[in-house]
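# Structure assessment
Here is how the chains run, residue by residue.
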Amino acid sequence: MSLNIIFMGTPEFSVPTLRSLIDAGHKVRAVYTQPPRPGGRRGLDLQKSPVHQAAELLGLPVFTPVNFKDPDERQRFRDLDADVAVVVAYGLLLPEAILTGTRLGCYNGHASLLPRWRGAAPIQRAIMAGDAKTGMMVMKMDKGLDTGPVALTREVEIGDTMTSGELHDRLMLVGAKAMVEAMNKLEHDELPLTAQPSEGVLYAAKIDKGETRIDFGKPATDVHNHIRGLSPFPGAWFEADIAGRPERIKVLGSELADGNGASGQVLTDDLVIACAYGAIRLTKLQKAGGKPLAAADFLRGTPIAPGTVLASEQA
């Protein structure tokens, strides 16, 4: 036996789950994903999402509605006559007609330990908050934002230097295995549902560009968490005077270090930077238009001398 599934997802994070469900013997009736977006070097080419590309390689029908307001779009979804919809980072809020448009409902793979970090950016927010662990949860969806009952949980530790990119890749694989396990249990009517607790609710707001600038006026632990939480994308950054002009430099890696000084002051020739309390060492940097480089390689082309103060506030 196998389930007839509608798969709904968009980014690379969703692709292993799609492939794993097929490998487990389930039949994917159709794939829903976000419409192609402008991309390429000049933004003139329409680029299909990673899920769209994967679905086409697998020979699956792909639908890309902007939303589900159109009654015909809702009817098409119902006419697929699926047992269940599996949703992983799809990017659209689903109306009641879709949530109830399959025999067994919609199940979402969410990258946090709900109810902590409901919403758009749970991976980044967990690291930025200094959480020691997170996980993947399979949840039966309801009309709320990540409020439905939880079916399955898999915890993942967050290492002290782990970036959001590294955590993303770990959770992506954990989530795929978890969803397959959940669907296999659902197929045999052995998938329990547990209501989320009302305590401990936090919302993971989408990352805003205005919060990406590094503030060395904060404690070193907070600065370190900020850097790794935004690495590799969109990237935390500071400004420094390079060859007589201000340049924006992204920081993609850091570690806690010993040292004291004025906030933002470069303390050593290997980029130990003073913070409000303690210091951090910058380990991976990138200039605008350049490649990410280890600190030693970066400094060979862009010297930043001890005593330099890195700007923490917009001039």
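Here the structure is a predicted model, which means the values were calculated and not measured.

### Overview of the side chain of Glu187
With respect to the helices and strands, Glu187 occurs in helix α6 (residues 164-187). Lacking a salt bridge, the buried Glu187 has Arg103 as its closest oppositely charged neighbour, with an N-O distance of 8.8 Å. Not counting chain neighbours up to four residues away, the residues in contact with Glu187 comprise Met1, Ser2, Leu3 and His26.

### Considering the pairing of strand β7 (residues 106-110)
Taken across its 5 residues, β7 has 5 buried, putting it largely inside the fold. Residues Cys106, Asn108 and His110 point to one face of β7 and Tyr107 and Gly109 to the other, with burial holding for every one of them. Two strands pair when backbone bridges link them, and strand β6 (residues 84-88) and β7 are joined in this way by 3 bridges, in the parallel orientation. Pairing of Val86 across the sheet is with Tyr107, part of β7. Of the strand pairs in this sheet, β7 and strand β9 (residues 133-140) are connected by 4 bridges, and their pairing is antiparallel. Considered in β9, the bridge of Asn108 is made with Met139.

### Structural notes on the packing of helix α1 (residues 15-23) against helix α2 (residues 50-57)
In the contact formed by α1 and α2, the axes pass within 9 Å of each other and the chain directions differ by 25°. What the angle tells us is that α1 and α2 run roughly parallel. Crossing of α1 over α2 shows right-handed handedness. Judged by residue contacts, Val15, Leu18 and Arg19 of α1 engage Pro50, Val51, Ala54, Ala55 and Leu57 from α2.

### A closer look at the domain arrangement of the protein
With domains assigned, the protein is organised as domain 1 (4-203) and domain 2 (220-309). The straight-line distance from the C-alpha centre of domain 1 to that of domain 2 is 35 Å. Contacts between the two partners involve 13 residues from domain 1 and, on the opposite side, 10 residues from domain 2. When domain 1 packs against domain 2, close to 800 Å² is buried across both sides, 53% of that on carbon and sulfur atoms. Counting the surface domain 1 buries against domain 2, the share from its top three residues, Ile127, Met128 and Thr163, is 46%.

The rules behind the values
Residues numbered from 1 in each chain as written. Predicted model: local features only at pLDDT ≥ 70, side-chain atom pairs only at ≥ 80, totals over all residues. Heavy atoms only, no water. Helix = DSSP H or I, 4+ residues; strand = E, 2+ residues; numbered from the N terminus. Buried < 20%, exposed > 50% of the residue type's maximum accessible area, 1.4 Å probe, protein only. Lys, Arg positive; Asp, Glu negative; His and termini not counted. Salt bridge = Lys/Arg side-chain N within 4 Å of Asp/Glu carboxyl O. Contact = heavy atoms within 4.5 Å. Pairing = 2+ DSSP bridges. Axes fitted to C-alpha atoms, helices over the stretch in contact; angles between N-to-C directions. Parallel < 35°, antiparallel > 145°, perpendicular 65-115°, else oblique. Left-handed = near helix turned anticlockwise from the far one by under 90°. Domains from an automatic or database assignment. Buried area = accessible area lost by both parts, 1.4 Å probe.

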